[in-house]
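Structural characterization, general
As a plain string of letters, each chain reads:
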Amino acid sequence: MFSRKYRAATACFAAVAFLTGFAALAVVPTLPTAVADLHGLPLFPLVAGCFVAAGLLGGVLGGTWSDRSGARAPLTAGLLLTVATLLVSAAAGTVWQLAAGRFLDGLAAGAVAVATNAAIGQAYPERLRGRVLALLSSCWVVPSLVGPPIAGLVSEAWSWRAVFYGLAALTALPALLLVPVLHRLGAPAPAPAAADRSRPSLPTAVLVSVGAAVCQYGTASRDAVHLLALTAGGALLVALAPRLLPAGTWRAVRGLPATVLLRGLSSGTFFTLEAYVPLMLITERHVDPVVSGLAFTGAAVAWAAASWVQGNLLDGVPRHRLVALGATVLAAATALAVLGSLPAAPALTAAPAMPVAAIGMGLLVPALTVLSLTHSPAGREGRTSSAMQTNQNLGQIAVLALASAALGLGDYPTAFALLAVPALLLAALAVRTKG
């Protein structure tokens, strides 16, 4: 991947991953302060959730665009839109403008993520894709280490607006310098006529994005209004989301459908752990927030390290076996979270659950991405990457909603035990990704 033929593309993708990672990880810790300053705390779930919802729409747009004209155009547009959205958020006078900025940022992030995966499928042979994906994971390590602390210091010393303005300035120049490199990427293979007819419609993608946003709002509380929102959003997703996914995805049909399904299960399990383990540590076990921050940092480093191992040391292992191995590690992390949530356990027992889960994700996520590109017909890498991104976000929403319901009816051990179900299902279905 560092040979003369691929050097420019590899450097370009690494820079994109670094820039988007830094922006994403630095912004999130600033949001509560920004929402409070704009007197919009009741709308915080909407501000936080609209990013994921917009990512669904951005993924569909980026995937369709990548298949039609190559990944370079959506990648370029996504990077430039990222800069613009940071400025929109920085200048927010109301919480609604901040929500609009986060929605546009999610749109850009979804397009960039999908177009990047499509571009890797178009630019590299199968033997190099795992290594490139491992490199991109490692590009998130530095942002995860320095992004949140710097954002916190800037927000405390000046204001949360300075964080957004600073990120826009830091992203603008590198993004502009990447544009000519992006345009050197080759054009995709012509898409088959059947692929053109099977592309998801924009209205469907918009409605699914709305349904996801409503679901995110519905998980914020347990009163009647939020329960109604969760039910309505969930019904919209159940009715329309399958149109954005390969046929047979939710039945785990062998090949690409099973691969897309497992991406949703893994994402939902990990990010629900990431949401609830720190919350439990702080509110129930009264652990210092610094420890929670260290768990986040440890998870980012563990993910990158495991990704490097699967792309280099385990490159000869069949991908579906790496998925099964990663799922088993993820299941062990849920067991550790259950143990750590028991009153008799030491307070810090659950903290390592996040890095352990990240090891599992570092093994299985790149393997699933490579498998998805292997199953994808030529010229449909964008559609395939879009489906993976869509089900990743749907998995986060669905598993988080289930865990939230379990927490409302029971306690943390019950909620964490529920997460073992998708993790074990991942391990059992891994062989179906082989095709």
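Predicted model only: the values in this text are computed from it and were never measured. (Residues numbered from 1 in each chain as written. Predicted model: local features only at pLDDT ≥ 70, side-chain atom pairs only at ≥ 80, totals over all residues. Heavy atoms only, no water.)

Another point: the overall build of the protein chain. Counting its secondary structure elements, the protein chain contains 17 helices and 0 strands. The C-alpha radius of gyration computed for the protein chain amounts to 20 Å, which stays within 12% of the reference 22 Å derived for 435 residues, consistent with globular compactness. Counting only C-alpha atoms, the protein chain reaches 55 × 50 × 40 Å along its principal axes. Expressed as a percentage of its 435 residues, the buried residues of the protein chain come to 54%. Carbon and sulfur atoms make up 71% of the accessible area of the protein chain, which totals about 17,400 Å². Positive and negative side-chain charges in the protein chain, numbering 25 and 13 respectively, have mean positions lying 16 Å apart. (Helix = DSSP H or I, 4+ residues; strand = E, 2+ residues; numbered from the N terminus. Rg over C-alpha atoms; globule rule 2.2 N^0.38 Å. Buried < 20%, exposed > 50% of the residue type's maximum accessible area, 1.4 Å probe, protein only. Areas by Shrake-Rupley, 256 points an atom, 1.4 Å probe, with all protein chains shown as cover. Lys, Arg positive; Asp, Glu negative; His and termini not counted. Charge placed at Lys NZ, Arg CZ, Asp CG, Glu CD.)

Each pair of packed helices gets described by two things: the angle between the helix axes and the distance between those axes. In contact at an axis separation of 10 Å, helix H5 (residues 95-123) and helix H6 (residues 126-138) are set at 150° when each is read in the N-to-C sense. Relative to H6, the element H5 is oriented roughly antiparallel. Seen from above, H5 lies across H6 with right-handed handedness. When H5 is examined against H6, the residues Thr116, Asn117, Ile120 and Gly121 are found in contact with a partner set consisting of Arg129, Val132, Leu133 and Leu136. (Axes fitted to C-alpha atoms, helices over the stretch in contact; angles between N-to-C directions. Parallel < 35°, antiparallel > 145°, perpendicular 65-115°, else oblique. Left-handed = near helix turned anticlockwise from the far one by under 90°. Contact = heavy atoms within 4.5 Å.)

Right, let's get into the packing of helix H12 (residues 256-283) against helix H17 (residues 412-429). In the contact formed by H12 and H17, the axes pass within 10 Å of each other and the chain directions differ by 155°. Considering the angle they form, H12 stands roughly antiparallel to H17. Relative to H17, H12 is oriented so that their crossing is left-handed. The residues of H17 that touch H12, namely those facing Leu261, Leu262, Leu265, Ser266, Thr269, Thr272, Leu273, Tyr276, Val277, Leu279, Met280 and Thr283, are Tyr412, Phe416, Leu419, Pro422, Ala423, Leu425, Leu426 and Leu429.

Time to look at helix H16 (residues 381-409). The end-to-end C-alpha separation of H16 is 42 Å, in line with the 42 Å expected for 29 residues at 1.5 Å each. Here H16 lies mainly inside the structure; 24 of its 29 residues are buried. (Expected span 1.5 Å × (residues − 1).)

In terms of nonpolar packing, the biggest core is built from 69 residues, with Leu262, Leu273, Val277 and Phe416 touching the most fellow members. Examining the composition of this core, we find that 11 residues originate from one element, H12, more than from any other. Beyond its immediate chain neighbours, meaning those up to four positions away, Phe416 contacts Leu273, Tyr276, Val277, Met280, Thr334, Ala337, Val338 and Ser341. (Core = buried A, V, L, I, M, F, W, Y, C linked by side-chain atoms within 4.5 Å.)

Residues Phe18, Val142, Leu145, Val146, Ile150 and Val301 make up a contiguous nonpolar surface patch of about 440 Å² in total accessible area. With 4 residues, helix H7 (residues 141-157) is the single largest residue contributor to the nonpolar patch. Residue placement: Leu145 occurs in helix H7. (Patch = residues over 30% accessible without salt bridge, like charges linked within 9 Å, V, L, I, M, F, W, Y side chains within 5 Å. Salt bridge = Lys/Arg side-chain N within 4 Å of Asp/Glu carboxyl O.)

Predicted confidence across the protein chain gives a mean pLDDT of 82, with 91% of residues reaching 70 or more. Highest mean pLDDT in the protein chain belongs to helix H14 (residues 319-341) (95); lowest belongs to helix H9 (residues 193-197) (46). Here residues 188-197 scores under 50 on pLDDT; set against residues more than four positions off or in separate chains, the count is 16 contacts. (pLDDT = per-residue confidence, 0-100.)

Attention now goes to the packing of aromatic side chains. Centre distance and the angle of the planes are the two values used to describe a pair of aromatic rings. Going through the model one piece at a time under the given rule, you end up with 5 aromatic pairs. Counting every residue linked through ring pairs, the aromatic cluster contains Phe270, Phe271 and Trp303. (Phe/Tyr/Trp six-rings, centres within 6.5 Å; stacked < 30°, edge-to-face > 60°.)

Tracing the sequence through the fold places Pro148 in helix H7. For Pro148, a relative accessible area of 26% translates into the label partly exposed.

Our focus in this paragraph is the pattern of salt bridges. Per the stated rule, a full pass over the model turns up 2 salt bridges. Across the pair Arg102 and Asp105 runs a salt bridge whose closest N-O atoms are separated by 3.0 Å. With Arg102 and Asp105 both in helix H5 and 3 residues apart, the pair spans about one turn of that helix. Between Arg319 and Asp315 there is a salt bridge; the shortest N-O distance is 3.0 Å. On the basis of relative accessibility, which here comes to 13%, the residue Arg319 falls in the buried class.

Of note in this structure, His39 is not a glycine but carries a positive phi near 55°. Topologically, His39 is positioned in the loop between helix H2 (31-37) and helix H3 (44-69). You can call His39 exposed: its relative accessible area is 76%. With phi around 55°, Ala252 is a residue other than glycine that occupies positive phi space. Accessibility expressed as a relative area gives 5% for Ala252, which makes it buried.

Here we come to the environment of Tyr165. Secondary-structure assignment places Tyr165 in helix H8 (residues 160-182). Relative accessible area serves as the criterion here: at 42%, Tyr165 is assigned to the partly exposed category. Residues Tyr165 and Phe270, 105 residues apart in the sequence, show an inter-C-alpha distance of 31 Å. The contacts of Tyr165, once residues within four sequence positions are left out, are Leu87, Ala90 and Ala91.

Turning next to the environment of Trp303. Inspection of the secondary structure puts Trp303 in helix H13 (residues 289-312). In this structure the C-alpha to C-alpha distance between Trp303 and Ser201, which are 102 residues apart in sequence, comes to 34 Å. Beyond its immediate sequence surroundings of up to four residues, Trp303 is in contact with Ser137, Phe270, Ala358, Met361, Gly362 and Val365.

Further remarks concern the side chain of Ser266. Here Ser266 lies in helix H12. By relative accessible area, Ser266 is classed as buried at 0%. With near-sequence residues (within four places) excluded, Ser266 lies in contact with Leu330, Met361, Leu364, Leu368 and Leu426.

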